[in-house]
Amino acid sequence: MEVIICSTAADAGRTAAGKVTQIAKACGPEAVIGFSTGSSPLATYADLTRRIDSRELDLTQAWGFALDEYVGLQPGHPESYAEVIRRTVTEPLQMNPDRVFTPNGFAENLKVAGAQYEEQIRAVGGVDVQILGVGANGHIGFNEPGSSLASRTRIKTLTSQTRVDNSRFFASLDEVPRHCLTQGLGTIMDAKNVVLVAQGEAKADAIAALVEGAVSAGCPGSVLQFHRSATIVIDEAAAIELKHADYYREAFAFKPSWQRFE
Ligand code: GLP
């Protein structure tokens, strides 16, 4: 696990986008990228957009897979993750909408929909780089505490805290769905590379548990300690609870030139 502490949230976005760009370019035009919703990756998407606009990066033939979707929102609902991904990822990154997928939370049979989503990811060779945020309770995707560390795409019940956190996007708390269809922790672990971004003090406890705590379903993101290529990009505020922050800073400052990316 590599931890990169950046001075600001914008800087973290630039750094995460640099890492994603490096991997995507190495994978060629049909790179497979996993996308997260939430506010955490927005600075990363903004910097990826800058790289697309300046033709440093071309994702017109790339594949995209969202992590999760609410259950029961009508297709086209502005807060469905399919719509959020269209607005924040597919359009600004000039991706082909026919190559960007979100789990089908409106399917009649959610079990089948979960299995089909896994198959769609497998069919294009698996995710090359998964962009992640993290919830204040340590969830990644919508894998709430207690999620099996080996789970696959399936229905989950949202915690009341997650529903309250996400109620800012809906007219009222009652409108926030109770269930979601989310890639499992096992699905996320199958991505060849993972880049997780977090900013702000509200994420400091989750980041400390995820990076330095025990690997446990109590902090689902801690499973990333077992990932062979996980990069955690955070700002100073999200780093305040880390015991080994100075070591991470030193490791980054003295990175060998062949490991660097811009
Ligand atoms: C949401 C999403 C996650 C996201 C997390 C944090 O509910 N399902 O993928 O990482 O919660 O959201 P934010 O980045 O807005 O803090």
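Note: the structure precedes this text.
Residues numbered from 1 in each chain as written. Predicted model: local features only at pLDDT ≥ 70, side-chain atom pairs only at ≥ 80, totals over all residues. Heavy atoms only, no water.

Time to look at the nonpolar core. Core analysis: the biggest nonpolar cluster contains 64 residues, and Phe35, Leu59, Leu196, Ile207, Leu224, Ile234 and Leu242 have the highest contact counts within it. Among the elements that line this core, the one with the most residues is helix α1 (residues 9-27), at 6 residues. Aside from chain neighbours lying at most four places away, what touches Phe35 is Tyr45, Gly64, Phe65, Ala66, Leu67, Ile85, Val89, Leu93, Met95, Gln130 and Ile131. One finds Tyr70, Leu73, Tyr81 and Phe170 within the second-largest nonpolar core, a separate group that totals 9 residues. (Core = buried A, V, L, I, M, F, W, Y, C linked by side-chain atoms within 4.5 Å. Buried < 20%, exposed > 50% of the residue type's maximum accessible area, 1.4 Å probe, protein only. Helix = DSSP H or I, 4+ residues; strand = E, 2+ residues; numbered from the N terminus. Contact = heavy atoms within 4.5 Å.)

Okay, the sheet that holds strand β9 (residues 193-198) next. Spatially, 7 strands are ordered β1-β10-β9-β6-β2-β3-β5 in an open sheet, and the strand pairing comes out parallel. At either margin of the open sheet sits one strand with a lone partner, and together these are β1 (2-6) and β5 (100-101). Strand direction decides the pairing type here: strand β2 (residues 32-35) and strand β6 (residues 129-132), joined by 2 bridges, are parallel. Following the sheet pairing, Gly34 is matched in β6 by Gln130. Where α1 meets the sheet, its contacts fall on β1, β2, β6, β9 and β10 (230-235), and the angle it forms with β10 comes to roughly 160°. In the packing of helix α7 (residues 204-212) onto the sheet, the strands contacted are β1, β9 and β10, and the crossing angle to β10 comes to about 155°. (Pairing = 2+ DSSP bridges. Axes fitted to C-alpha atoms, helices over the stretch in contact; angles between N-to-C directions.)

Further remarks concern the layout of surface pockets. Its volume calculated, the largest pocket comes out at about 650 Å³. Considering the residues around the largest pocket, the lining is formed by 36 residues, among which Thr37, Gly38, Ser39, Asn166 and Arg168 are closest to the centre. Listed by contribution, the elements that provide at least two residues to the lining of the largest pocket are α2 (42-53), β4 (68-70), α3 (81-90) and α5 (160-166). For the lining of the largest pocket, the class distribution of residues is 14 nonpolar, 16 polar and 6 charged. Its boundaries defined by the atoms lining it, the second largest pocket holds a volume of some 360 Å³. Residue lining of the second largest pocket: 18 residues in total, with Met1, Glu2, Ala230, Thr231 and Lys255 positioned closest to the centre. Listing elements by their share of the lining of the second largest pocket, those giving two or more residues are β1, α1, β10 and α8 (245-253). Broken down by element, the lining of the second largest pocket gets its largest block of residues, 4 residues, from α8. Classifying every residue of the lining of the second largest pocket gives 10 nonpolar, 4 polar and 4 charged. (1 Å grid on protein atoms, 1.4 Å probe; cavity = no way out; pocket = protein on both sides within 12 Å on 5 of 7 lines; lining within 4 Å. Points joined across faces, edges and corners; volume = space filled by probe spheres on them. Nonpolar A, V, L, I, M, F, W, Y, C, P; charged D, E, K, R; others polar.)

The next subject is the sheet that holds β4. With antiparallel pairing, the 3 strands of this open sheet are ordered in space as β4-β8-β7. Sheet topology places β4 and β7 (154-157) at the edges, where each strand pairs with a single neighbour. Within the sheet, the average angular offset between the axes of one strand and its neighbour, ignoring direction, is 30°. The pairing of β4 with strand β8 (residues 179-182) spans 3 bridges and is classified as antiparallel. By the bridge assignment, Asp68 is partnered in β8 with Thr182.

Our next topic: the pattern of salt bridges. Applying the stated criterion across every chain, the model contains 14 salt bridges. Ionic pairing is found between Glu236 and Arg249, a salt bridge with its closest N-O pair at 2.7 Å. Placement of Glu236 in the loop between β10 and α8 and of Arg249 in helix α8 is noted, with a sequence separation of 13 residues between them. Taking the relative accessible area as the measure of exposure, Glu236 reaches 33% and is therefore partly exposed. With relative accessibility at 31%, the residue Arg249 sits in the partly exposed group. (Salt bridge = Lys/Arg side-chain N within 4 Å of Asp/Glu carboxyl O.)

Attention shifts here to the site of the ligand. Within the structure, the ligand sits among 15 residues, and Ser39, Ser40, Asp68, Phe142 and Lys203 are positioned closest to it. Side-chain polar atom of Ser39 to an oxygen atom of the ligand: 2.7 Å apart, as the coordinates give it. Separating an oxygen atom of the ligand from a side-chain N or O atom of Asn166 is a distance of 3.1 Å. Taken by itself the ligand offers 400 Å² of open surface, and the protein chains cover 92% of this. (Near = heavy atom within 4 Å. Polar contact = N/O pair within 3.5 Å; in protein donor to acceptor, adjacent residues only side chain to side chain. Areas by Shrake-Rupley, 256 points an atom, 1.4 Å probe, with all protein chains shown as cover.)

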